[in-house]
Amino acid sequence: MASYFDEHNCEPLATGEQPNHLLDLARLLLDSGIGAEFQLEFERIFGHVDGRKQPPAAKHVIENLLSTNSFDHDEKCSICLKEFQLNSTKELPCHHKYCTNCIIQWLKLVNSCPMCRIELPTDDQDYEQYKKQKERLKQRQVELDDLHNSMFS
Ligand SMILES: [Zn+2]
Ligand SMILES: [Zn+2]
């Protein structure tokens, strides 16, 4: 009799090997409409398996950051802790402000605001896909909660 692994055409994982098919499984389950309760597991798998790191912000986002000169004279950049200078301060969509140089360096590494972690668009298609799935799950959870509330209150 063929073993499980023969039938499923995959190898048992060697220690330390990246079990990437878990990602496919996660996506499959999500696409097939497994409920939001799967989200935690999904995140655990994603966080674990490919150690998904946030990618840099999209180039066009970095290039089109909003400049601002409306800050208090003693307001400081929370990255370098220096006071803001005229004509070299940027404001993110969340209204957090940083020196131009600081925030550009930062967004070239990570796509989120250092203060509030709100995420900016990226050029990373995989990551955008992943984010959309997360959003969909969140949305579904909200809908389930609403439904639950309307039924039991
Ligand atoms: Zn700074
Ligand atoms: Zn922010």
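Residues numbered from 1 in each chain as written. Chains lettered and ligands numbered in written order. Predicted model: local features only at pLDDT ≥ 70, side-chain atom pairs only at ≥ 80, totals over all residues. Heavy atoms only, no water.

- Going by the annotation in an unreviewed UniProt entry, the name recorded for the chain is RING-type domain-containing protein, with Rotaria magnacalcarata given as the source organism.

## A closer look at the sheet that holds strand β2 (residues 89–91)
Reasoning step 1: If you trace the three strands from one edge of the open sheet to the other, you get β1-β2-β3, paired in antiparallel fashion. Two strands lie at the open edges of the sheet, namely β1 (66–67) and β3 (97–99), each paired on one side alone.
Reasoning step 2: Alignment of β1 against β2, held across two bridges, turns out to be antiparallel. Bridged to serine 67 within β2 is lysine 90.
Reasoning step 3: Running over the sheet, helix α5 (residues 100–107) touches β2 and β3 and is turned about 100° from β3. (Pairing = 2+ DSSP bridges. Helix = DSSP H or I, 4+ residues; strand = E, 2+ residues; numbered from the N terminus. Contact = heavy atoms within 4.5 Å. Axes fitted to C-alpha atoms, helices over the stretch in contact; angles between N-to-C directions.)

## Some thoughts on a nonpolar patch on the surface
Reasoning step 1: Together, Leu144, Leu147, Met151 and Phe152 give the surface a local cluster of nonpolar side chains, amounting to about 440 Å² of exposed area.
Reasoning step 2: With respect to the helices and strands, the residue leucine 147 is situated in helix α6 (residues 125–152).
Reasoning step 3: Assessed through its relative accessible area of 47%, leucine 147 is described here as partly exposed. (Patch = residues over 30% accessible without salt bridge, like charges linked within 9 Å, V, L, I, M, F, W, Y side chains within 5 Å. Areas by Shrake-Rupley, 256 points an atom, 1.4 Å probe, with all protein chains shown as cover. Salt bridge = Lys/Arg side-chain N within 4 Å of Asp/Glu carboxyl O. Buried < 20%, exposed > 50% of the residue type's maximum accessible area, 1.4 Å probe, protein only.)

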